[in-house]
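# Examination of the molecular architecture
Chain residues, written in single-letter form:
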Amino acid sequence: MEKFNDLIEQKVFETQFIDTHEHLMDESERLDCVEPFIPCDDWALLLNLYFGFDLILGGISKSEIGRLFSKNVSPIDKWVILKEYWPYLKNTASGIVFRTTIRILYGIDEISEDNIPELQNRYEQTRKKGFYKQIIRELANIRHCHVHSPNVACKKSESPDLLYQDIALNGMIQVTLNSYSVPENVKINNLTDWHTLIDGWFAEYGHAAKAVKIGNAYFRRLDFERVEASEVEEIFSRKINLQTNGPEEDKKLQDHLFWYCVDKATAHGLPVKMHTGQWAMNNAMNMHWVKENPSDCASLCRQAPDTKFVFFHLCYPHYEEMLSLAKNYANAYIDMCWSWSLNPLAAKDFLKKFILTVPNNKIFTFGGDDKIVENLVGHAHVARQGIALAFTELVSENWLTLGDAMDLVDHLMYKNAEKIYGK
Ligand SMILES: [Zn+2]
């Protein structure tokens with residue numbers, strides 16, 4: 001008889017994910033190397049996001065990292081830059097994701113001086129028309145991804161059954177007029193015009209979108225209060241006329257627009273996804289704000305009981321508080337995106353505790369949170385390893401029967417997402 005851990009692992013690896021959070025651009029944009037998102041077009045591109053942030057933590061200089069991701073440095077020479085830091089980073093989760101990706105995708109077991117030409121060759125052979133679908137569906141075993149394109153309010157997807165575009169609220173809340181999809185023929189003179197534009201975006205994109213996404217936690221606390229339009233009309237006018245507002249006035253305006261957009265999303269039946277916890281970018285994180293995220297989220301849940309809030313990244317490192325939040329508020333959901341490559345042991349610990357603490361229809365277990373599609377192969381593999389291990393431990397510790405564990409896999413990997421976001 002097969003051992004139960006093998007049965008669990010087999011089931012988890014055979015089951016398709018619905019991936020609830022990525023930053024992938026459309027395939028044609030990737031193939032066209034649209035800058036600044038695609039700074040180079042060689043194997044080092046796979047390291048451009050989370051591994052790149054870890055390289056900065058490891059002490060790489062600005063000029064070295066510039067060269068690593070430059071179009072003007074030969075792919076072969078890039079190993080010389082990476083090699084000094086590789087031993088320090090290869091065992092971090094972002095290093096493990098990279099190593100797993102090149103093993104599964106390119107058949108390369110371990111990067112070294114000898115196989116850089118082969119790595120580059122395999123990169124080029126893989127990166128061609130149709131590779132998104134092949135990587136997402138066949139290699140990462142993902143049915144479809146929800147995509148957040150943070151620099152536009154919303155866009156139509158090039159492959160609408162593979163990449164679903166979330167509506168991005170950051171710019172609507174922060175009133176970003178330029179480079180934020182404000183059509184050229186639209187003139188914004190006052191707050192009513194801004195409301196009308198937001199209404200128009202929801203009318204146009206609300207049907208195709210699965211959710212809205214808010215990333216404002218990178219810029220402030222999440223203590224959004226309800227503020228009437230009449231209280232912020234003048235502040236808005238000063239803002240668009242490039243006059244200065246004080247920080248309290250800016251907060252009031254954002255608070256008003258946050259709730260305007262969140263109420264609009266709720267009226268359209270769209271869940272509200274929010275960044276919480278750890279910041280990806282280095283040397284800037286305000287840990288006081290991050291620490292306040294769970295209690296600020298509780299206040300949001302209280303203020304809008306009809307809104308489904310989906311909180312991202314376990315609010316790492318404050319994940320016990322997020323268990324408590326999901327345990328108390330019916331409209332608080334948790335999305336584990338990014339957590340498997342942030343701290344996979346915390347993610348496994350969280351998942352085990354969640355299953356024993358909170359009704360399990362309130363969790364989504366995977367999103368790569370990546371802009372480079374190749375990395376989904378390694379990241380989804382690492383996530384499946386973590387999920388299988390969480391179940392195996394729960395069974396061996398006698399918290400779950402094998403049958404109960406096997407029954408839960410489909411729910412956690414795609415059925416919960418189907419239920420809240422639609423198929
Ligand atoms: Zn993200």
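Residues numbered from 1 in each chain as written. Predicted model: local features only at pLDDT ≥ 70, side-chain atom pairs only at ≥ 80, totals over all residues.

### Looking at the overall build of the protein chain
Going by this rule: Secondary structure elements follow DSSP: runs of H or I of four or more residues count as helices, runs of E of two or more count as strands, with numbering from the N terminus. The globule rule used here is 2.2 Å times the number of residues to the 0.38 power, and the radius of gyration it is set against is calculated over C-alpha atoms. In this scheme every C-beta is placed from the backbone, and a residue whose C-beta has 20 or more other C-beta atoms within 10 Å is buried, one with 12 or fewer is exposed, and one in between is partly exposed.
Per the secondary structure count, the protein chain includes 19 helices and nine strands. In terms of overall dimensions, the protein chain is globule-like: its C-alpha atoms have a radius of gyration of 22 Å, near the 22 Å expected for 423 residues. When its C-alpha atoms are laid out on the principal axes, the protein chain stretches across 65 × 55 × 40 Å. Residue burial in the protein chain is summarised as follows: out of 423 residues, 42% are buried.

### Details of the sheet that holds strand 9 (residues 363–364)
Condition: Strand pairing requires that DSSP identify at least two bridges connecting the strands.
With respect to topology, six strands assemble into an open sheet ordered 4-5-6-7-8-9, the strand pairing being parallel. Strands with a single pairing partner mark the edges of an open sheet, and in this sheet they are strand 4 (167–168) and strand 9. Bridging between strand 6 (residues 272–274) and strand 7 (residues 309–312) involves three bridges; their strand directions are parallel. When the sheet's bridge partners are listed, M274 is paired in strand 7 with F311.

### Things to note about the packing of helix 7 (residues 93–106) against helix 18 (residues 375–396)
Formally: Axes here mean lines fitted to C-alpha atoms, for a helix over just the part in contact, with angles spanning 0 to 180 degrees between N-to-C directions. Relative orientations are named as follows: roughly parallel for angles under 35 degrees, roughly antiparallel for angles over 145 degrees, roughly perpendicular for angles from 65 to 115 degrees, and oblique for any other angle. With the far helix as reference, a near helix turned anticlockwise by less than a right angle produces a left-handed crossing, and one turned clockwise produces a right-handed crossing. Any pair of residues counts as being in contact when their C-beta atoms, constructed from backbone geometry, are within 7 Å of one another. Put simply, Ala, Val, Leu, Ile, Met, Phe, Trp, Tyr, Cys and Pro go in the nonpolar bin, Asp, Glu, Lys and Arg in the charged bin, and everything else, Gly too, in the polar bin.
Running from N to C, helix 7 and helix 18 point in directions that differ by 115 degrees, and their axes come no closer than 7 Å. Here helix 7 lies roughly perpendicular to helix 18, going by the angle between them. Like other packed secondary-structure pairs, helix 7 and helix 18 cross with a definite hand, here right-handed. Residue-level inspection shows A93, I96, V97, F98, T100, T101, I104 and L105 of helix 7 in contact with helix 18, the latter providing N375, V377, G378, H379, H381 and V382. Class assignment of the residues belonging to the contact of helix 7 with helix 18 gives a composition of eight nonpolar, six polar and no charged.

### Quick notes on the pairing of strand 2 (residues 142–147)
Most of strand 2 is tucked away, with five of its six residues classed as buried. Pairing of strand 1 (residues 17–22) with strand 2, which is carried by three bridges, proceeds in the parallel orientation. Its bridge partner lying in strand 2, E22 is registered against V147. Relative to strand 3 (residues 163–165), strand 2 runs parallel, the two sharing three bridges. For V147, the partnering residue across the bridge sits in strand 3 and is Q165.

### Quick look at the sheet that holds strand 1
Read across the sheet, three strands follow the order 1-2-3 without closing on themselves; strand pairing throughout is parallel. Since the sheet does not close on itself, it has two edges, and those belong to strand 1 and strand 3, each with one partner. Direction aside, neighbouring strands of the sheet carry axes that sit 20 degrees apart on average. Running over the sheet, helix 19 (residues 402–421) touches strand 1 and strand 2 and is turned about 70 degrees from strand 1.

### Things to note about the domain arrangement of the protein chain
For clarity, the threshold we go by: Note that domain bounds follow an automatic or database assignment of domains.
Per the domain assignment, the segments of the protein chain are domain 1 (42–126) and domain 2 (131–421). In this structure, domain 1 and domain 2 have C-alpha centres spaced 29 Å apart. Domain 1 puts 18 residues into the contact, and the matching count from domain 2 is 20 residues. For the side of domain 1 that touches domain 2, the secondary-structure elements that each account for two or more residues are helix 3 (50–57) and helix 7. The element contributing the most residues to the side of domain 1 that touches domain 2 is helix 7, with nine residues. Grouping the constituent residues of the side of domain 1 that touches domain 2 by class yields 13 nonpolar, five polar and no charged.

### Points about helix 7
Our working definition: Multiplying 1.5 Å by the residue count of a helix minus one yields the expected span of that helix.
Helix length check: helix 7 (14 residues) gives 19 Å between terminal C-alpha atoms against 20 Å at 1.5 Å per residue, within 8%. Among the residues making up helix 7, those that are buried are A93, S94, G95, I96, V97, F98, T101, I102, L105 and Y106. Positive backbone phi, at 70 degrees, marks G107, one or two positions downstream of helix 7.

### Structural notes on the nonpolar core
The criterion, for reference: The nonpolar core criterion groups buried Ala, Val, Leu, Ile, Met, Phe, Trp, Tyr and Cys residues into a set whenever they are joined through C-beta atoms within 7 Å.
Membership of the largest hydrophobic core comes to 120 residues, with the highest contact counts inside it found for V212, C261, F309, F311 and I334. Per-element tally for this core: the top contributor is helix 18, with 11 residues. Both domain 1 (42–126) and domain 2 (131–421) contribute no fewer than three residues apiece to this core. Look past the residues within four positions of C261 in its chain and what remains in contact with it is L169, M172, I173, I198 and V212.

### Regarding the environment of W338
With respect to the helices, strands and loops of the structure, W338 is situated in the loop between strand 8 (332–335) and helix 16 (339–342). Given 25 C-beta atoms within 10 Å, W338 falls into the buried group. What W338 contacts, discounting residues up to four positions off in sequence, is H313, G367 and D369.

### Quick notes on the packing of helix 3 against helix 7
Close contact between helix 3 and helix 7 brings their axes to 9 Å; oriented N to C, the two are set at 135 degrees. In terms of orientation, helix 3 and helix 7 fall into the oblique class. Seen from above, helix 3 lies across helix 7 with left-handed handedness. Counted together, Y50, F51 and D54 of helix 3 and S94, G95 and F98 of helix 7 form the full contact between these two elements. In terms of residue class, the contact of helix 3 with helix 7 is built from three nonpolar, two polar and one charged.

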